[in-house]
Structures are given as C-alpha cells and as structure tokens.
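Single-letter residue listing:
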Amino acid sequence: MSLFNKVDELRSEFKAALASSPALSDLERMKQKYLGRKGVLNDLFKKIAEVEADRRGEFGSLINQLKLDIHDLIEERINDHRAETQSVSAVDVSLPGVEYERGTLHPIESTLRDFKQIFHRLGFAVAEGPEIETQWRNFDALNFPPEHPARDMQDTFFLKNDSVLRTHTSPVQVRLMLEEKPPIRSIMPGRVYRNEAIDAGHYCLFHQVEGLYVDKNVTMGELKATLELFCREYFGEFVKLRFRPSFFPFTEPSSEMDVSCFLCGGKGCRVCKQTGWLEIGGCGMVDPNVFKAVDIDSEKYTGYAFGMGIERIAMMKYGITDIRLLFENDVRFLKQF
Amino acid sequence: MNISYNWLKDYVDIDLEPEILAEKLTDAGLEAVIVETMPDFFKTILVGHVVSREKHPDADKLSVCMIDLGDGEPKQIICGAPNIDAGQNVPVATIGTTFPDGMKIKKAKLRGVVSNGMVCSQRELDLSDDHSGIMVLDQDAKLGIDMKTYLSGDDVSIELDLTPDRSDALGHIGVARDLAALLGVDLRKPSIKLTESSTKTSSMVSVELEDTQACPRYAARIVRNVKIGESPAWIRQRLQAAGIRSINNVVDAANYVLMETGHPLHTFDLRYIEGEKIIVRKARDKEKIPTLDGKERELDDSVLLICDGVKPVAVAGIIGGENSEVKDDTTDLLLESAYFDPVIVRRGAKKLQLATDASHRFERGTDPNGITYALDRLAALIVELAGGELTEGQVDAYPSIIKPLEVTFRADRCNAILGTTIDTSDMSDIFHGLEMAHSEENGVFQVIVPTFRPDIEREIDLVEEIGRIYGYNNIPLPAHFSIANKTNKKTPDQMREKIIDHLAAIGFNQIYGNGLLAVEEHPLVFGDEEALLLANPLSRDMASMRSSLLMGMAKVADYNINRRQSDLKLFELGQVSTLDLDSDTGARETSHLGIFISGELQPKQWSVDSVAVDVFHMKGVLNSIYQDLFGHSLLFKSQDHDLFSEAIGVYLGEEKIGVMGNLNQINQALKSVSGVYVEVRISEKLGLGRDIQYQKVSIYPAVERDLSILIDSHVVYEQIDETIRKNAGKSLVYSRLYDIYEGKSIASGKKSLTFRLVFQNNKRTLTEKEIDKDFRRILKGLEDAYNATLREAI
Ligand SMILES: [Zn+2]
C-alpha cells in the first residue's frame, strides 16, 4: 500500500471516530493521536523520504491539509461541548418556580360538594329553605306534639316574634312536599342552629344534609341500600353500615346509622370510643302524620328521609378534633384543604 | 340508665355473653354498652377475716391484727381504727394497691412492727364519707374475693341510652320483654305472695282525686311496724350494678321495684299523714312545700300535689315532701303507686326546675294498669326485708279505666314499607313476644297494645316494632334503585357553586362565619338592614342574626392579622337576614357575597414583583364573576359611605346590589383590620350562567396600533372609552388602556392615556390604509369631543 493510500485511510478513520459523538476527553485524546508531536500524522510525515522525489511536495501538502482539517474539526467539536456546558451552568434550575396562590374551598363546603356529587349520581336534586322558620314547619308539621319531650331534645333559638332558627333541615322537606307533587327526590343542605354551650364537640350552629324520596312503593330496604351505597362511595368500598332503631317524630320506623370506624376498621379506637362504630346520622320512613300535614296520601305514597351532620363527618374525615376550628377561619387552617 | 346483667336473668333465660347481649339490645333500639361502675383499684382490695387483734407494743392507738385473706395463712396487718375487732370481715388493701390519690400500699414497719397491707374505711374506698372506722363487711362474705365482686356479686353493668319514646324499657322487666321477643323465649314476671292482716287498708286511709285528668289513678297500701335497717347483700349488689346507692331497706325496696318494673313508687311515714286521707289536687298559687332536697318550693297551678287532710306532702311524680319523709325511726308506711299525666309532670318539673328519676319516667309515660302489680311487689318486698304487718287490700282510686288500644295491622302493608317478606306467623311471634295480644285473619291483625307502650298508637308504630325485632340489619337490600323519571329543577345552589369555585380558582380562601352577632355589631352595609334579635340568646355576643357578612369577615380578618397573616384574600357566600313583616317568619333572607383583600395581592418573588391591593383589583374580581360567569355588566358609581373611604356603589342595571371600598375602622376592637371589601346581594336573577353562542374566529391577521393621547384631566375613562368605541368602526375588536400618566413633561390640567387597539376583519386582510383611516377617525372623535391631541403614535 502506498503512503498516499495511508493518508486517505487515516482521514476516513478520523471521520468515523468523529461520527461516534466523542466526549470532550475523547476529543483531547484524538487531538494527541493525530496532531501530537508523536502523533500518527507526524510519524507518516517522517516517511516522506520513501516517496518518489517528484511527489514529495504533493505528499507533504496532503498531510498538512489533513492536519488542518482534523484540527479544525476537533476544535469545532470542542467548542460545541463548551457551549453546551456553559449554557447549562448559566441557569440555576433549582431556583423556586413562581408561586401561583391556590384558593381553597372551606372544608364544610368541600364535604358538602362530595355529598352532592354522590347523591346527584343517585338522581337527587338539591332543594333549599330559609334558616329562620315558623314553629309549624320546624316542629308541628313534622309531628312534634306541643308538649312532647322530643322538643326538649333540641334546644331551640327563638326570635322575639316566636319564629325559630331551624333546628334541623327537615322543614325544607315540608316546604318541598307542599310545593311539589310526588315523586320528590332531593337532598337539602343547609345551616341549622342549636342553643347549646360551645365546646370542642358542639357549636351553636352547624350544617346538615337532609334527603327525601317520596314516591309509590318506596321501601326501607331501598333507604338502606341508598345510604349504604353513599357510605361506600364516600368512606370507601370496605365500610360496613349498621342501622339501629331510634326515635324521631317525623319518621316511623326510625333509625340511626353507624359506619364501621374507618380509622381502626371496627376494632375500637379513641375516635370511635372503642365501639368500632361511628354515628353518622338518622333516617327512617316518612311518618304518616307528616304526609297528612302536607296533604299527601300516605296510603298511596311512602317515602324515606335521612339527615347527616356535615361538620361531624368532615371532622372524622380530616381528623379535626375541635369543631371551633371550622368557624375560626385561620388561613393557615383553610389553606390545608 | 344502668341495668344489671344478672338481674335480667331473673326474667328471661339468657345464654349470651354480656357484650353480645348489649349488641342485640342495641340492634333492637335499646342502645347498650357495658360499663365499669367500679374503680380499678378494687381488684386488689380483698375481703379478709380478722383472726386476732392485739395491742401494738409501742403505740396505744394501733392494733396488730392477723387477717385471713382466704388462703389459710393469716397476714399481719397494723390498723389504727378503733372499731376493728377479731371475728370481723373487713376490706384489706393488699400490697401493690394504688389508690386513686396515688397512695401505694407497700410492706412497711409501723413502730417496729411489720404490716402487710391496710384495712380500709368507707371513705378510703370512696363508698361514703364515713371515716369513723374501718368498713365492716357481711359475716357470710367469701374470704379473698375482691371488692368489685363483693359489692356487685360479679355482675356486669349495662348502660342503656334510651330514646324518649321507650318508657317501657326504663326497668329490667321491660328490657327483658324485648329480649324475650328477640330470642323467642318466655318472659317470667315474679309472682307475688302477700300475707295480709285483717285490718282493712281502706279503714285507715282514703284517696280523693280532685283532678282525674292530671291523676287518673292513685293506689296506696299500708305496712305497719317495719324495722328500718340495712338491706341484704343481694339487693345492695343489684342496686350497685344499676348505679343506685343503698340507703336503707325501705328506700332500697322502692328503688328495687322501680328498677324492676320501671314504675316510680313513693313511701310516706304514716305518722305524719294527717286526717287519714290522701288528696291529689293542683297546687294553689304561691302555695309552698318543703321538699326532700331541703328546699322550700313555691308553686302555682301548673303543679300537681299529693296532700294529706291538712298539708301537701309531695309534689306528684317529682319529689317527696320533707314533712313526711321516711326516717331511721319510721315504723308505719304509706306506699304510693300512681299514674300521673305526662304533661302535668313535665310542666311541674319545669316549674320546679327539677328533674328526678321519677319525673323522668312519668314525663315519658308510665303504665296506668301496671301500678297495682308494682304496689304489691313493693309491699311484699318491704315485708320481706323490713318485716311488719301488711294491711288488707289496696286503696285504689281509678274512676275511669284506661283501656288498651286496639290497632288494625296489615301484614302486606308492613312488608311493603319495610321491603321485606316476613310471614304472618313470624309477625305473630313478634307480637306475642312483646306481650301484644292479637288475632289475625287473611293477613290482617287486630293487635291489643298494652298500656305500658304509650308510644304505639297506629299501624305504622307496629310496623316499626316488627322491623325492630326482625332486625333492621336483616332487611334485604334491593339490587336496583327506583329513580323517578322527572327533570330536576335548576336551583340557585348551582349559581352559588359557580361563584365559589371561581373565587377559589383565582386564589381566594372561602370562610364560613358565625351567623350570630352581638346586637350592636351590625354595621349598616346597605343602610336599610334591621337586624333580628333572639329571644333566648346563648350569650350577649351572639344575640342576633347577621344582617350582613361584614362583621363576620372583619372578625376573621382581625383574627388572622393578629397572627401575622396579613395578606388575605377571603370570601364568604352565605345567608343574611333582616326584619320583614310581610313574611310568615318575620324575616327576609338573602344570599350575600363578601370579599376581602388586604396586604399584598401577590407577594414579591425573586422573579416577580409584589402587587399591592387596591380597589380596582376588587372591581376586576367582581367583573370576572358578573361578566365572565353570568354575562351581566356592572356599573360602579362613587358614593359616600361611613364604613368606606372612596366608597363605590355597585349596580346591576338600575338596581344597587352592593358597595365596595377601602374599609374604615369598624370599631376599636377591630382596629387592626384594613383592606378592600365588597359585599353584594346575590339574587336569583343572576341566572345559572352565561348563554354561550359560538363566534367564528377570524382567520385573517389582527393588527395592533397604540394610541397615545393628551386629554383634559377631568375627562373620565368611561367617556374616552365610549368615544373610541363609537368612532372605531367594525374592525376594532379589542381596546385596552395600558398606561395613564400625569405630571412632569405634561401640561398641567392634562393627562396622557395610552390604549392598545387591535383591528381585525372576519372576511379579509385589512390594508394599512383602512387601519389608518379607522385610527384617524378615532382620534378625530376624541379631538372633537374632548379636545384630545395625539401624543405620539407608535
Ligand atoms: Zn375506631
């Protein structure tokens, strides 16, 4: 092989090496290999005596040209590398991103939204009523006799004109049944008031969600199934539900509903007071006396009603142990939700 | 109310652990939990027998006792009580006992003699205040058992939390009745054997009922020559499990029968009953009676009295009189068993502001036909415990008999309501278990409802009984729901959710304020609010309903600012109420939205400057709600307002809906609060959202031009903006004010405004010439109207 061919061979060998995207250190090594004092091109140049005399000038300029090309290409690559590393180090990517302040829904609101969403899926509309009610709608129409101990169960705020701050959302049922004909299927969220001393577990006002379904052939089995589905959706698939007979003037039969404690799974803990159950609300079949008060034929229609305290459930869910936190509105509290 | 597990077994055969029993009762509506009525340290207090007692060699007042704790190896214990003696059984705190006050019993030397424990007084065991000597236990007590077992007989207490309708379950027999129905076993009521003397009770006392409405029935018996003393262990243990302290054999007997039958009874000392009669009548106005609790009570005719021939001796169904109380030297007793109207007892208890065990039961309704049984049971028990002579017969004033109700009950109706398929024979078993006599034909029952169940009057009440005993948790769940085919009404709720979501999305924190305020805390935000006052407020600072959201918001702001949280973006959407005589509640309720911003709207960050709050931010927030969400334009007009500096009235069309501005100091207490506040009434007229119709987006390029003008300072933005729009022609699609400048380099009395104008056409590309023409027309309009001049064109 002639020395001329050797020059071509080195050129293609270099090109291949350059094509394999050498790192900065590789480029330095290539520089030494091809251009160094003891590099391959100098070695080759030393063999110039072996070339025929008339082609020595040609051979020399060929090697010089290759040297220049290799030098330029390597320097170009090295500059590329430097530029790359320089642009990275110019920006401190660990600087904080610009903060976009997020607003928040109050935990009572977000709990209520969760409720609405689930009941909406189950075909319930939303109905509302005022916080100040007549005694007729708050008590009488709901089958509270004037002298019954049941009126003691809820200590009521009265206005000077004998109206009351509603003690439950149930008067909305009365309004709804007077306004609409069955079928009626609504939930009724709202603020209610109780004349109780304020402490970690009690506040003079709180929020309830009431539910009502009146139609032909409404059964207690369906009431149970509806609430059970609600609880599974809200608390989780594995929650268990327990119904206990209870007493409310406006339902008969009446029931309390408990869910298995989601903290201890029913084994008993501080939150469920070692019972394994958490009381979440009351329910039952609409009492015929209530139907009578709103002029619905209780032989033709049946209905169920239920009610749950939003604060109570929000507190369970978020681990809040003092109800007053919900009404203090400390932004450091609010921003957690 | 606490009941005893052992006691229940007298009336019904139970083969269930107490925990399971409590669960069964709970599932049937008698909420039950096992409770520990005795303190933990009783476990190491053991019954010991004093084998010998000798004087301590070096201390006069101490005794050295050898006490057998049942293991046959008597222990040496030093005791300082004067009453300790050989042969007694005593409670011994053994080594390792820790008393509630922290005192620990250790092996100790007292004046050189070793003591292996301590003999306890009643006070040391917290059983009474008696500390005169050590407590002496029953002679036949088993040695070595702990105090818990000694006192309760190894019983378990079950606490019942009863609903007010279940007066029948206020005694062991009532609870046992539910258990009998639940377990399908028989209820056993104690049979009574009476030994009566030949003296007729009716010859010794008569009963007159003046008000048979208030007292339909009153029965009495007399026992003579009883001996008041201590009750035997079995009765003390049972009362203990039921949470009742033993007093003496007669009082204990009355309490025992109360806890057995649920029927309250009263015992009088016969020697103080004058005139050989009992009169039941309403109290006279201002009539007085000294009651058992040592108070003198002044009465009126809302209270029913039990009187003898001369004076009142008890407040019917509530509390006995001090003047006829049974004492240690009482020998002759008059026993009362009566039925009082629940309403009269309730009113009386309210008047006296006194709730007793008896009033609790009478208010909820007792059994008028169960009183002779309870009376006989009491008489027999007293004779058993305290001896004496029972005179013949009851004196029973019961002029008109209260008959049990007969209720028609349809089995298929019951199944239709519960969603069950219970058959009639199972229903019949349940009625039988509940002691409800009945007949049945073709699924229709005639049920006799006993008078001990005043809560049951109707078919639906019996449906609950079936459901409750069958078990709510056994009612099957349908696989499908029936959902009515009906369109749901759109409600303002959806509108409010939109507003709340929007504000949260743009960085605001929602608050829920207290709706109750002090009467003087009603800043007039709208100027016409008249606040509603509570008749029975919880406290002075919560005596009225909020008439606006401002005060609640200011309090929340103050709370946070005082905790170094002063960059606030808060809002509340809630109901406020004001007086309205046209409404049947006397109130008008409106939804209000209050928004508060203080401090910096955006904090300074390394790459972003801080933004201070001003009233135009609030204007922008409001516009984003009204315009962007609901498609309504607001108008803003400056006004005077005590609560705000630079107040701005907010208008929706002609209607003023709110006010905003920089808050002035509301009161001294809230002086830390400053910021921008707006409060608007949210009316249903807002609708549920903007009506959206798609507008085609132009495919032709938009061209921007900036317009800078010099104009008289007094010309307001609104006028300039209107003039631009009027003269712009169809191609101006957007205009935005982006700079205002007044001051140096501008003639005084003038200001410079710069607008960014954007021109675009739907059908073609606009030429420079066309845009120039529009631009010049806009400028000319401004020149003509307000003498504006072009400052520089960019
Ligand atoms: Zn738990």
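Check the entry above for the structure.
Residues numbered from 1 in each chain as written. Chains lettered and ligands numbered in written order. Predicted model: local features only at pLDDT ≥ 70, side-chain atom pairs only at ≥ 80, totals over all residues. Heavy atoms only, no water.

Undergrad: Kindly report on the sheet that holds strand β5 (residues 205-215) of chain A, identifying the contributing residues and their values.
TA: Residue and element names in this part refer to chain A. If you walk across this open sheet you meet the seven strands as β1-β4-β5-β9-β8-β7-β6, and the pairing is mixed. Two strands in the sheet have a free side with no partner beyond their single neighbour: β1 (125-126) and β6 (241-245). Strands in contact with helix α8 (residues 170-179) are β4 (184-193), β5 and β9 (302-309); relative to β5, the strand with the most contacts, it is inclined by about 35°. (Pairing = 2+ DSSP bridges. Helix = DSSP H or I, 4+ residues; strand = E, 2+ residues; numbered from the N terminus. Contact = heavy atoms within 4.5 Å. Axes fitted to C-alpha atoms, helices over the stretch in contact; angles between N-to-C directions.)

Undergrad: I'd love a proper account of the interface of chain A and chain B, names of residues and values included.
TA: Across the boundary between the two partners, chain A contributes 95 residues, which contact 89 residues of chain B. Across the interface of chain A and chain B, roughly 7,800 Å² is buried in total on both sides, 53% from carbon and sulfur atoms. Interface area lost by chain A to chain B is led by A:Glu147, A:Pro245 and A:Glu252, which between them contribute 8%. With a shortest N-O distance of 2.7 Å, A:Glu180 and B:Lys486 are connected by a salt bridge. On inspection of chain A and its partner chain B, the count reaches 46 residue pairs in polar contact (both at pLDDT 80 or more). A total of eight residues in the side of chain A that touches chain B trace back to one element, the largest contributor, which is helix α9 (residues 220-235) of chain A. For the side of chain A that touches chain B, the class distribution of residues is 41 nonpolar, 22 polar and 32 charged. (Buried area = accessible area lost by both parts, 1.4 Å probe. Salt bridge = Lys/Arg side-chain N within 4 Å of Asp/Glu carboxyl O. Polar contact = N/O pair within 3.5 Å; in protein donor to acceptor, adjacent residues only side chain to side chain. Nonpolar A, V, L, I, M, F, W, Y, C, P; charged D, E, K, R; others polar.)

Undergrad: Any details on the packing of helix α2 (residues 18-27) of chain B against helix α4 (residues 172-183) of chain B? Residues and values, ideally.
TA: Residue and element names in this part refer to chain B. At a minimum axis distance of 10 Å, the contact between α2 and α4 shows a crossing angle of 90°. As the angle between them shows, α2 and α4 are arranged roughly perpendicular. Of the residues in α4, those in contact with Leu21, Lys24 and Leu25 of α2 are Val175, Leu179, Leu182 and Leu183. Here the contact of α2 with α4 is built from residues that sort into six nonpolar, no polar and one charged. (Parallel < 35°, antiparallel > 145°, perpendicular 65-115°, else oblique.)

Undergrad: Just give me the short version of the sheet that holds strand β10 (residues 157-161) of chain B, but keep the residues and values in it.
TA: Residues and elements named next belong to chain B. As summarised here, the arrangement of the three strands in space is β1-β10-β2, forming an open sheet in which the pairing is antiparallel. A strand with exactly one partner marks an edge of an open sheet, and here the two such strands are β1 (2-4) and β2 (31-35). Strand-to-strand twist in this sheet, taken as the mean axis angle between neighbours without regard to direction, amounts to 35°. Pairing of β1 with β10, which is carried by three bridges, proceeds in the antiparallel orientation. In the strand pairing of β10, Asn2 is matched with Glu159.

Undergrad: Residue-level account of empty space enclosed by the protein, with values.
TA: Counted by the stated rule, this structure contains three cavities of 30 Å³ or more. Roughly 60 Å³ of volume is contained in the largest cavity. In this structure, the largest cavity is lined by A:Pro245, A:Ser246, B:Gly29, B:Thr163, B:Asp165, B:Arg166, B:Glu464, B:Glu465 and B:Arg468. The element that contributes the greatest number of residues to the lining of the largest cavity is helix α12 (residues 459-470) of chain B, accounting for three residues. (1 Å grid on protein atoms, 1.4 Å probe; cavity = no way out; pocket = protein on both sides within 12 Å on 5 of 7 lines; lining within 4 Å. Points joined across faces, edges and corners; volume = space filled by probe spheres on them.)

Undergrad: Quick one: what's the story with the packing of aromatic side chains, residue by residue and with numbers?
TA: Residue and element names in this part refer to chain A. In total, this model carries 28 aromatic pairs over all chains according to the counting rule given. The interplanar angle of 25° and the centroid separation of 5.2 Å between the aromatic rings of Phe119 and Phe306 together place this pair among those described as stacked. Note that Phe119 is positioned in helix α5 (residues 107-121) and Phe306 in strand β9, a separation of 187 residues in sequence. Residue class for Phe119 comes out buried when judged on its relative accessible area of 0%. Residues Tyr203 and Phe327 carry aromatic rings whose centres are separated by 4.4 Å and whose planes lie at 5° to one another, so their mutual orientation is stacked. Of this pair, Tyr203 sits in the loop between β4 and β5 while Phe327 sits in helix α12 (residues 325-328), and the two are 124 residues apart along the sequence. (Phe/Tyr/Trp six-rings, centres within 6.5 Å; stacked < 30°, edge-to-face > 60°. Buried < 20%, exposed > 50% of the residue type's maximum accessible area, 1.4 Å probe, protein only.)

Undergrad: Describe the coordination of the zinc ion, listing the residues and the values that go with them.
TA: All names here are of chain A. All of the protein donors around the zinc ion are Cys261 (SG), Cys264 (SG), Cys269 (SG) and Cys272 (SG); their distances to the metal are 2.2 to 2.3 Å. Geometry at the zinc ion is tetrahedral, judged from its four donor atoms and the angles of 103 to 114° they form at the metal. Counting gaps between the donor residues of the zinc ion yields the pattern C-x2-C-x4-C-x2-C. Each of the two residues, Cys269 as well as Cys272, counts as buried. (Donors = N, O, S within 2.8 Å, 3.2 Å for Na, K, Ca; no water. Tetrahedral: all angles 85-135°; square planar, octahedral: opposite > 155°, others 65-115°.)

Undergrad: Explain helix α6 (residues 249-261) of chain B to me, using residue names and the numbers behind them.
TA: Residues and elements named next belong to chain B. For α6, which comprises 13 residues, the first-to-last C-alpha distance of 18 Å matches the rise-based estimate of 18 Å (1.5 Å per residue) to within 8%. In terms of burial, α6 is a largely internal element, 10 of the 13 residues being buried. All buried positions along α6 are accounted for by Asn249, Val250, Asp252, Ala253, Ala254, Tyr256, Val257, Leu258, Met259 and Glu260. Looking one or two residues beyond α6, the residue adopting positive phi is Gly262, at roughly 85°. (Expected span 1.5 Å × (residues − 1).)

Undergrad: Could you give an account of the pairing of strand β35 (residues 644-652) of chain B, with specific residues and numbers?
TA: Residue and element names in this part refer to chain B. The pairing of strand β34 (residues 634-638) with β35 spans five bridges and is classified as antiparallel. Note that in β35 the partner of Ser638 across the bridge is Ile648. Linking two consecutive strands that pair antiparallel, namely β34 and β35, is a turn of five residues. As paired strands, β35 and strand β36 (residues 655-663) are joined by seven bridges and run antiparallel to one another. Among the inter-strand pairings, Gly649 is bridged to a residue of β36, identified as Val659. What sits between the antiparallel neighbours β35 and β36 is a turn of two residues, in which Gly653 has the positive phi angle 65°.

Undergrad: Describe in detail a nonpolar patch on the surface, supporting the description with residues and values.
TA: All names here are of chain A. A grouping of Phe262, Leu263 and Val271 is seen on the molecular surface, where their side chains present a nonpolar patch of about 250 Å² in accessible area. Here Val271 lies in the loop between β7 (251-260) and β8 (277-286). Owing to a relative accessible area of 36%, Val271 belongs among the partly exposed residues under this scheme. (Patch = residues over 30% accessible without salt bridge, like charges linked within 9 Å, V, L, I, M, F, W, Y side chains within 5 Å. Areas by Shrake-Rupley, 256 points an atom, 1.4 Å probe, with all protein chains shown as cover.)

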